[in-house]
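Topology and contacts: notes
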Amino acid sequence: MMEKMIFGRYVPADSVIHRMDPRSKLLIVLLFVCVVFLANNAITYGALVVYTLLMLAMSKVPMRFVFGGLKLVFILIIFTFLMHIFLTREGPVIFELGWFKVYEEGLRQGIFISLRFFLLILITSILTLTTAPIAITDGLESLLGPLKKLKFPVHELALMMSIALRFIPTLMEETDKIMKAQSARGVEFSSGPVKDRVMAIIPLLIPLFVSSFKRAEELATAMEARGYRGGDGRTRYRKLVWSGIDTLMLLLLLALTILLIIFRT
Amino acid sequence: MDISLKNVEYRYQVNTPFERLAIQDVSIDIPSGTFLALIGHTGSGKSTVLQHLNALLKPTAGEVVIGERTITSEKKQKDLKAVRQKVAIVFQFPEHQLFEETVEKDICFGPMNFGVNEEEAKRRAHEAIKQVGLDESILQKSPFDLSGGQMRRVAIAGVLAMQPNVIVLDEPTAGLDPRGRKEIMDMFYQLHKERNLSTILVTHSMEDASRYADKIAIMHKGQVYKVGTPLEIFSDPEQLIEMGLDVPEVVKFQQKLEKTFGHKFAKTCLTIEEISQEMPRFLKRGEA
């Protein structure tokens, strides 16, 4: 199951999107999140879908992998869709079966909201799939830079994020290892009564907690041993470079925004 | 219980951009009562092979026969508990799997999962803790209050208490002090003999492999490179060194002597005892 997860996973490749500056990618995602809410009819939603799929194609990440990894999200989306179908009672009835009625507005809302949800997840997935976690936090630190003047601990926040992201794969690996060790001792994680399966979490979680705390302490010691002393005066190994592509991509999103403003009803 | 791997292949993360072939065309026979050592460079696929031995991994091609059960890629596997009770694995750094409030509860955890009642499980806990060389008073302590070496022993006791027919060891002595190493390996060897267990040992120590194993299998780049008795394997040191492996110090010593003296020993010696026995004859032949 975990092998197929794509959240927070980086797929190295050589594509236009991979080469972009993480700052421009972050800005685009942030803007896109706002722009999505401008759409309110078929044409505008269509434009959003085309834009998102274009980005996905440009990222060169295999489609099958992306959609396979979003399976859990699809369940959530279908649930949202059904909620709208059942609960919205506006407009003319378009389908009737006994007490069950589907209203036009319900169907419309269902489709649009699910689509919005889906596009948001897809665009953020493209960001994480094409940008190394370290690059994302570097970008974020740089974008939040001005807040330093307000005494906001930007560097510390970015460091916390990169540490958290850095240890996701380690934690996954550890989970897998302990799951196997406990399975070998007769724990069944994926079959048997629900009560047993819930209880099976305990022999998994306790060792994970113990090793996470140990690791945190070791990391702190290792950082101190190498003279880490916070963000002041710290130089960078990786410099962020803003190029023509980044400007172009931002302009493309701007064009999309204008298009949406013109065509929305 | 006989275990046999037939042309086993395993790929990690099939159908993702991270797909990776781990082992390929691996065939090993492990008849009941064998002590098999699995050696190979880091990343050669030893640990992957090991996880097939009690169906923690299902081969992507080929089949694994464990006693009466056959595990292939197609079949949905049900009730693997029976297999896992018979074939126990001591993973690398097994102390990471401890979680209970007391040592006793942790040792009882395995047996009770396999349907042993509490009384019997406790009896086994007392027996197992003595087997691993710890005092019974430790049973009421929290496993997290113990030293690293003690935790390792407790974790091993937890596996022994399951009373398996086959025991799989993944570098069980990594990170222990020399005395602890010897004690634990001798304990496994004694159990192997007494209970007529099959033992599969993954190790980087050529000394351990030559001292305890009946059979050694060399893994190289995801394939079985060679299977043979310790004598057969270590008679050809150049080949092993090419693969990033090593031979026991005794074998190296013998080679150097043969080079210096310009003549050969009657046979390849694998232990200090053997070479001490052969030495007088070797020296005498030099004078002749």
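Residues numbered from 1 in each chain as written. Chains lettered and ligands numbered in written order. Predicted model: local features only at pLDDT ≥ 70, side-chain atom pairs only at ≥ 80, totals over all residues.

Remarks on the pairing of strand β10 (residues 223-228) of chain B
Residue and element names in this part refer to chain B. Relative to β10, strand β9 (residues 215-220) runs antiparallel, the two being bridged by 5 bridges. Opposite Ile218, over in β10, you have Lys226 as the bridge partner. Two successive antiparallel strands, β9 and β10, enclose a turn made up of 2 residues, where Lys221 displays a positive phi of approximately 50°. (Pairing = 2+ DSSP bridges. Helix = DSSP H or I, 4+ residues; strand = E, 2+ residues; numbered from the N terminus.)

What to know about the nonpolar core
Residues Leu38(B), Ile107(B), Ala157(B) and Val168(B) are the most contacted members of the largest nonpolar core, which totals 80 residues. Residue contributions to this core peak at 7 residues, all from helix α5 (residues 148-160) of chain B. Leaving out residues up to four positions away in the same chain, Ala157(B) has contacts with Ile107(B), Ala128(B), Ile129(B), Gln131(B) and Val132(B). Leu48(A), Leu127(A), Leu129(A) and Met249(A) belong to the second largest nonpolar core, which has 18 residues in total. (Core = buried A, V, L, I, M, F, W, Y, C linked by C-beta atoms within 7 Å. Buried ≥ 20, exposed ≤ 12 C-beta atoms within 10 Å, placed from the backbone. Contact = placed C-beta atoms within 7 Å.)

Remarks on the UniProt feature "transmembrane region" (unreviewed entry) in chain A
This chain's UniProt record puts "transmembrane region" (unreviewed entry) on residues 26-53, 65-87, 117-136, 156-172 and 240-263 of chain A. For residues 156-172 of chain A, helix accounts for 100% and strand for 0%, while the C-alpha atoms at its two ends are 25 Å apart. (UniProt positions renumbered as here; feature names shortened; annotations may be inferred.)

Focus on the sheet that holds strand β5 (residues 69-72) of chain B
Residues and elements named next belong to chain B. If you walk across this open sheet you meet the 4 strands as β2-β1-β4-β5, and the pairing is antiparallel. Each having just a single partner strand, β2 (20-30) and β5 make up the two edges of the open sheet. The average undirected angle you get between the axes of adjacent strands in this sheet is 20°. In this sheet, strand β4 (residues 61-66) lies alongside strand β1 (residues 3-12) in antiparallel orientation, the contact comprising 5 bridges. Counterpart to Glu9 in the pairing with β4 is Ala61. (Axes fitted to C-alpha atoms, helices over the stretch in contact; angles between N-to-C directions.)

Let's talk about the UniProt feature "domain: ABC transporter" (unreviewed entry) in chain B
The UniProt feature table records "domain: ABC transporter" (unreviewed entry) at residues 3-246 of chain B. The distance separating the terminal C-alpha atoms of residues 3-246 of chain B is 28 Å; by composition the span is 35% helix and 26% strand.

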